[in-house]
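A closer look at the structure
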Amino acid sequence: MAKILFVNPVVREEDVPRHIPYGIAMLASIAINNGHQVQVYDANAWRKGFRVLPEVYRADDWDVIAIGGLTTTYNFIKEAFRIAKETSPDAFLIAGGGFLTSMPKEIMEWIPEIDLGIVGEAFVTWPELLDKVDNKDFDFKSTLGVIRRDSNGQIILNDTRPIIPELDVLPEPAWDLFPLEEVYFENSSSLYSEDAYRASRRIDINASFGCSLVCRYCWHLGTTGDMAIEKDENGENDVLFSYGRNIRYHSPDYIVSMVKGLKKRYNIDFANFLDENLMTMDVSSGRTWLKEICEKWIAAGLQPSSRRPGGISAPKGEEPGVYWSGTSHASLHTPEILKLMYEAGCTHLVYGLESFDPIVLKNLGKGTTVKNNVDSVGECLKSGIIPIPNIIIGFPEETFESVRNTIVELIKLGIHAKPHFATAYPGSEWYYKYKDSIIKQYEGSLEDYVKDLGDASKITGVISHNFSGLELLGLQEIVAKRDLRLLDQASKYWVKSKQDSIAVPQESTNFVRKKINGPISNEGTSIY
C-alpha cells in the first residue's frame, strides 16, 4: 500500500476556481480502489501560493507525489516539483497530463526533478506504476506509456500505451477529496444563462473522450487515438500526432447513474459536461447517444422543475432536478435533439464558431461554413437553449476582409464577443507547423513560450501571416466593439511590414496530416 499525494496546480488565476480536476479525481479513485492511501492538495482551490507547499510535502512520508495539468499550468508545476524534491527527497515524483504528453522530452529536460512521466492515457499505466513502487521495483524499462531516466540520466520514451476500449470500467471520480462545499459549490454561478446564474451546487462531469473533427488549433494528447510513439530520424522514440481518432463515450446508463448519485449525495443542481463536443459523439453513435441520455435523464427524475409540465422554477435549494450544459457544433446539431436537450434541462451550449470568413473556416478543419454558423445561433435559440459563441482572431490567413466578415455577421446576429487569439498550443497541428517561428519570437527559448501560455486571451506566439501582435491587439478591440468604421480606417492606412512574416509555416515530423489511429487495447481492460 503506497501513500500518494496529488497536487492540483493553479490554473486561470484571473478567475475564481470553478472546476474540479477531473483527471486527478479519476486517478485518485483508481488508486483508492487498488488499496492505496491517497490525499490531494488542491492548490488551485486554496490559492495559498508556494509558501505552503513545503508544509504539505512534509505532512507525511509520501511514497509518490504526483503533479499534472494543462500546459498553461507549467509555471506552477515546475516550481512545485522543485520544492517537492527539496523537501521530500525520498518521494518518487511522477508527472502526467497534457503539459507532459504534448512535449515529453522537453519537459523532462526542463524539470530535472521529475522521476517518471506518464505519456498519454493513464488509466492502466497509473495502477501499474503504483504496484511497482509499492514493491520497491523502480525498473520501468518494459512499462508502456512512460518517459523515464536511465541509470546515466538519459531520457528515454517507452512505447505507446494502448488506450482502453470501454470507458464504463472506470470508477467515479473521488469527489470527496476536493473542497466542494468550501470552494467549488461557492463558485457555481455563471453568466451563461439564467439557470446557470442561479446554480448554487454545480459540478463537472465527463461523458466522452475524443472528437472526430480535425481543428488545427486543437490538441487531444493521446486520449482520442491521435497519438502514437514512433522512431524519429535519430532512431529514438518520440510522440507523433495525427488525424487518427478512436471515439469513446460512457453509456447513457453510466452517465445518468453518476448524476443521480451526485444529486443524492451532494444535492447538485447543475452539471457541466466537460466533453470536447457532445454533437460529434452523438453523430458517432448514429444519433442515439444524446437522445438516450436525455430520455433516461428525464426518466430518472433529473428533469428540472421549470422544464416539467407547468414550468415553474423551484426555490433556491429545493430544485428536484439537475440543469446541465455542454458543447455543440454548428453543422452537427439538429432541431430535434436540441428540443429534447432543452426538455431534459440543458441551459446553454458553447459553439466554437471561431470566424464568419469562408476561407478561414475552410482551412480550420471544423467542417462548418458561414451559413452553418449563422443558422446555428437561431436554431439553438429557438429550442430555448442559449448559444455561447466563441470567436477567434489571428488565424494564419487572417486579413482585414476576414475580420470584417466576422464583424458583419456578429452585428446581424446581435452577438457581442471579445475574441480570443489564435494560439498554437503544444500538441496541436498549428504548434508543429509554427514551432520554429515561435521559438524565434521568444529569442530561441521554447520554454519561455510555454511559460507565457495562458487561455488565449492574451498575445503569445503569433501565427498570423499578415499581422503583428500589436496589430492583433488592436483588431481584438475593434471586433469586441464591432467597429467597422475603425476597421476600414485601419485597413486604409495599414502598411504591411517589409520584413518577412513573423509566422512561417514548416513541415514537422511530429505531426502527420493523415489518419493514423493510435493503439487501442483489444484485451480485457484491468485498472484494478
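Owing to the predicted nature of the structure, the values given are computational and were not obtained by experimental measurement. (Residues numbered from 1 in each chain as written. Predicted model: local features only at pLDDT ≥ 70, side-chain atom pairs only at ≥ 80, totals over all residues. Heavy atoms only, no water.)

Description of the side chain of Thr280
With respect to the helices, strands and loops of the structure, Thr280 is situated in helix α11 (residues 278-284). If sequence neighbours within four positions are ignored, Thr280 has contacts with Gly210, Cys211, Ser212, Leu213 and Leu332. (Helix = DSSP H or I, 4+ residues; strand = E, 2+ residues; numbered from the N terminus. Contact = heavy atoms within 4.5 Å.)

Describing the sheet that holds strand β17 (residues 420-421)
Sheet architecture is open: six strands sit in the order β8-β13-β14-β15-β16-β17, paired in parallel fashion. Every other strand in the sheet has two partners, leaving β8 (202-205) and β17 as the edge strands with one partner each. In terms of strand pairing, strand β14 (residues 323-328) meets strand β15 (residues 346-354) through five bridges, oriented parallel. Within β15, the position partnered with Ser328 by the bridge is Tyr351. Running at roughly 155 degrees to strand β16 (residues 386-393), helix α19 (residues 469-481) makes contact with β16 and β17 of the sheet. (Pairing = 2+ DSSP bridges. Axes fitted to C-alpha atoms, helices over the stretch in contact; angles between N-to-C directions.)

Topic: empty space enclosed by the protein
Empty space among the atoms can be located by rolling a probe the size of a water molecule over them. In this structure the tally under the stated criterion is three cavities of 30 Å³ or more. Of the pockets and cavities examined, the largest cavity occupies roughly 80 Å³. Residue lining of the largest cavity: 13 residues in total, with Cys218, His220, Ser242, Arg245 and Phe511 positioned closest to the centre. (1 Å grid on protein atoms, 1.4 Å probe; cavity = no way out; pocket = protein on both sides within 12 Å on 5 of 7 lines; lining within 4 Å. Points joined across faces, edges and corners; volume = space filled by probe spheres on them.)

Considerations on the environment of Tyr197
Relative to the elements of secondary structure, Tyr197 occurs in helix α9 (residues 194-198). Residue contacts for Tyr197: discarding those within four places in its chain leaves Ser189, Ser190 and Leu191.

Comments concerning the pattern of salt bridges
Per the stated rule, a full pass over the model turns up 31 salt bridges. Between Arg202 and Asp204 there is a salt bridge whose closest N-O contact spans 3.0 Å. The class of Asp204 is buried, set by a relative accessible area of 2%. Among the ionic pairs, Arg216 bridges to Glu429, the shortest N-O distance being 3.8 Å. Taken together, the residues span a long stretch of sequence, with Arg216 in the loop between β9 (208-209) and β10 (227-231) and Glu429 in helix α17 (residues 429-441) at a distance of 213 residues. We classify Glu429 as buried; its relative accessible area is 6%. It is possible to trace a salt-bridge network through shared partners that takes in Glu194, Asp195, Arg198 and Arg307. (Salt bridge = Lys/Arg side-chain N within 4 Å of Asp/Glu carboxyl O. Buried < 20%, exposed > 50% of the residue type's maximum accessible area, 1.4 Å probe, protein only.)

A few points about the packing of helix α12 (residues 289-299) against helix α13 (residues 335-344)
Closest axis-to-axis distance for the α12/α13 pair is 9 Å, and the angle between their directions is 25 degrees. With respect to α13, the axis of α12 lies roughly parallel. Read as a crossing pair, α12 and α13 show a hand that is left-handed. When α12 is examined against α13, the residues Leu290, Lys291, Cys294, Glu295, Trp297 and Ile298 are found in contact with a partner set consisting of Ile337, Leu340, Met341, Glu343 and Ala344. For the contact of α12 with α13, the residue count by class is eight nonpolar, no polar and three charged. (Parallel < 35°, antiparallel > 145°, perpendicular 65-115°, else oblique. Left-handed = near helix turned anticlockwise from the far one by under 90°. Nonpolar A, V, L, I, M, F, W, Y, C, P; charged D, E, K, R; others polar.)

By themselves, these observations are geometric and do not establish any function.
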